[in-house]
Amino acid sequence: MRRAWAEEQAGQAIADDGFEARFGAWFETEADHRVTWLAELGERPVGMLNMLVFTRMPRPRHPNDKPAQWGYVANVYVDRARRDAGVGRVLLAAATSYADETGLARLVLSPSERSVPFYERAGFTTDTTLMVRHVR
Ligand SMILES: CC(C)(COP(=O)(O)OP(=O)(O)OC[C@H]1O[C@@H](n2cnc3c(N)ncnc32)[C@H](O)[C@@H]1OP(=O)(O)O)[C@@H](O)C(=O)NCCC(=O)NCCS
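Quick look at the structure, then. (Residues numbered from 1 in each chain as written. Predicted model: local features only at pLDDT ≥ 70, side-chain atom pairs only at ≥ 80, totals over all residues. Heavy atoms only, no water.)

### Remarks on the overall build of the protein chain
The number of helices and strands found in the protein chain is four helices and four strands. Across the protein chain, helices and strands are ordered from the amino to the carboxyl terminus as α-α-β-β-β-α-β-α. Taken along its principal axes, the extent of the C-alpha atoms in the protein chain is 55 × 40 × 35 Å. Going through the 136 residues of the protein chain one by one, you find that 28% of them count as buried. Excluding contacts between residues fewer than 6 apart, the proportion of contacts in the protein chain whose partners are at least 24 apart in sequence is 55%. With an accessible surface of roughly 10400 Å², the protein chain has 52% of that area assigned to carbon and sulfur atoms. (Helix = DSSP H or I, 4+ residues; strand = E, 2+ residues; numbered from the N terminus. Buried < 20%, exposed > 50% of the residue type's maximum accessible area, 1.4 Å probe, protein only. Contact = heavy atoms within 4.5 Å. Areas by Shrake-Rupley, 256 points an atom, 1.4 Å probe, with all protein chains shown as cover.)

### Quick look at the sheet that holds strand 3 (residues 69-78)
Pairing is mixed across the open sheet formed by four strands, whose spatial order is 1-2-3-4. Edge strands, defined here as strands with exactly one partner in the open sheet, are strand 1 (34-41) and strand 4 (107-108). Relative to strand 2 (residues 44-55), strand 1 runs antiparallel, the two sharing eight bridges. When the sheet's bridge partners are listed, A39 is paired in strand 2 with G47. With respect to the sheet, helix 1 (residues 2-10) is in contact with strand 2 and strand 3, its orientation differing from that of strand 3 by roughly 60 degrees. (Pairing = 2+ DSSP bridges. Axes fitted to C-alpha atoms, helices over the stretch in contact; angles between N-to-C directions.)

### Quick look at the side chain of D79
On the secondary structure map, D79 appears in the loop between strand 3 and helix 3 (87-102). Overall, the relative accessible area of 13% leaves D79 in the buried class. Setting aside residues no more than four positions away along its own chain, D79 makes contact with R44 and V46.

### Some thoughts on helix 3
In this model, helix 3 (16 residues) spans 23 Å end to end at C-alpha, consistent with the 22 Å of a helix rising 1.5 Å per residue. Buried-residue contacts for helix 3 involve strand 1, strand 2, strand 3, strand 4 and helix 4 (116-121). Count one or two residues on from helix 3 and you reach G103, which has phi positive near 75 degrees. (Expected span 1.5 Å × (residues − 1).)

### A short note on the pairing of strand 3
Taken across its ten residues, strand 3 has eight buried, putting it largely inside the fold. When strand 2 meets strand 3, the two strands line up antiparallel, connected through eight bridges. If you follow T55 over to strand 3, its bridge partner there is Q69. Running through helix 3, the crossover from strand 3 to the neighbouring parallel element strand 4 is right-handed. (Right-handed = clockwise from strand over helix to strand, strands pointing away.)

### Digging into the site of the ligand
In the vicinity of the ligand, 20 residues are found, and the nearest of them are V76, V78, G86, G88 and R121. Here an oxygen atom of the ligand and a backbone polar atom of D84 are 2.8 Å apart. Separating an oxygen atom of the ligand from a side-chain N or O atom of R114 is a distance of 3.4 Å. Burial of the ligand by the protein amounts to 79% of the accessible area it has alone, namely 820 Å². (Near = heavy atom within 4 Å. Polar contact = N/O pair within 3.5 Å; in protein donor to acceptor, adjacent residues only side chain to side chain.)

### Some remarks on the packing of aromatic side chains
A complete count under the given rule lists nine aromatic pairs for this structure. Between W5 and Y77 the ring centres are 5.1 Å apart and the planes differ by 15 degrees, which places this aromatic pair in the stacked class. Of the two residues, W5 sits in helix 1 while Y77 sits in strand 3, which places them 72 residues apart along the sequence. As far as the burial class goes, W5 and Y77 line up, both buried. A ring pair is formed by W26 and F27, whose centres lie 6.4 Å apart and whose planes are at 50 degrees; its orientation type is tilted. Accessibility expressed as a relative area gives 33% for W26, which makes it partly exposed. (Phe/Tyr/Trp six-rings, centres within 6.5 Å; stacked < 30°, edge-to-face > 60°.)

Take a look at the structure:
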């Protein structure tokens with residue numbers, strides 16, 4: 001899916017024989033901190049989404065508190081030929097249900113302009129309490 005997304009953006013196939021190995025190494029390092037969803041049609045992957053879960057620092061004098069967690073929703077992608085058929089909605093619903101069930105304090109993401117209504121329909125709102133430092 002990651003390769004498909006990159007090739008869609010490039011408008012052509014990308015020759016990179018080492019990519020799958022680099023992806024595998026990255027996934028192995030990241031897997032402990034991420035929850036990943038893959039949408040499949042039959043055996044074929046058609047969409048993906050992952051959530052990076054941050055665990056907040058514990059506080060002294062609260063030994064029984066479960067450290068609070070929040071999630072960053074990342075790499076949301078659906079095969080171009082399968083878009084606008086609800087695959088993304090199902091992936092996002094799986095992530096928001098997981099967040100609700102796990103008691104995540106919040107979910108954060110960085111939408112493309114075109115995808116804003118997609119996230120709004122799942123309950124996301126534009127927030128003014130976060131700051132971003134863009135680096136050129
Ligand atoms: C965003 C995306 C995952 C939605 O998946 P989907 O299966 O088409 O989603 P659904 O069918 O549930 O919902 C369709 C909605 O997706 C959004 N969408 C459709 N095409 C899109 C595109 N090329 N880019 C971004 N969002 C898109 C729109 O909000 C659309 O609803 P609308 O036309 O009423 O506004 C998919 O369009 C995609 O992979 N886009 C390219 C990658 C991307 O932009 N990812 C998000 C980055 S934050």
